[in-house]
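# Observations on the model geometry
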Amino acid sequence: MKIMALDVATVTGFAVGTVGEVPISGALRFAERGAPPVRVWFKAMVWMHEQLKVHQPDVVYMEGAINSASLGGKSNPSTFILLNGLQAVLSTVVEARLPVSAKTIAVSTVRKRFLGKGNLRSEDAKPMAKAKCIELGWVDDEATFDQCDALGVWAAACEIEHSLNPKRAIKAQAVEA
């Protein structure tokens, strides 16, 4: 089973790979800083379409959007609109291209499954996720927190898919071994 995972943000992290293998990953900004949201959404739509065509994942997981009001003043209405629009656009492309809808996974679930604690603060979780990704051999020191967050989503998604359909996940591993 091939899973694509996204940490949707102004700089979006992505990871894609087959369960049981080392995923490829990275991070990108869809448009230049200060670009109008519609330009960002359009570029995200084109990018997602291309990624689905190239990687052909069976399922896409996205870390759920965080309510900007819960960020203690670290966000604003424009960022809230931009990020929720990105979630909608990327999910819509998945809906149009894959036989299954994109799945949303809560940040607390990702942290619980990948780091062992779901209630970590962002400033604690991000370096921990990067350290774990380096330890697993998925990235080097140059990796960004966005990239490592996406890898955490990917790892959690692999666990979830395995628990939902262990025969399919195991079969996918055996075929590629």
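Residues numbered from 1 in each chain as written. Predicted model: local features only at pLDDT ≥ 70, side-chain atom pairs only at ≥ 80, totals over all residues. Heavy atoms only, no water.

### Some details on the confidence of the model for the chain
Taken residue by residue, the chain gives an average pLDDT of 88. The fraction at 70 or more is 86%. Counting contacts from residues 168-177, a segment whose pLDDT is below 50, to residues more than four positions away or on other chains yields nine contacts. (pLDDT = per-residue confidence, 0-100. Contact = heavy atoms within 4.5 Å.)

### Let's talk about the pattern of salt bridges
The final tally for this structure, using the stated rule, is seven salt bridges. Ionic pairing is found between Arg121 and Asp124, a salt bridge with its closest N-O pair at 3.2 Å. On the accessibility criterion, Asp124 (32% relative accessible area) is partly exposed. A salt bridge links Asp149 to Lys126; the nearest nitrogen and oxygen atoms lie 2.3 Å apart. Linking Asp149 in helix α5 (residues 145-164) with Lys126 in helix α4 (residues 122-135), this pair joins segments that are 23 residues apart in sequence. Classification of Lys126 as partly exposed rests on a relative accessible area of 23%. What emerges from the salt-bridge pattern is a single network uniting Arg121, Glu123 and Asp124. (Salt bridge = Lys/Arg side-chain N within 4 Å of Asp/Glu carboxyl O. Buried < 20%, exposed > 50% of the residue type's maximum accessible area, 1.4 Å probe, protein only. Helix = DSSP H or I, 4+ residues; strand = E, 2+ residues; numbered from the N terminus.)

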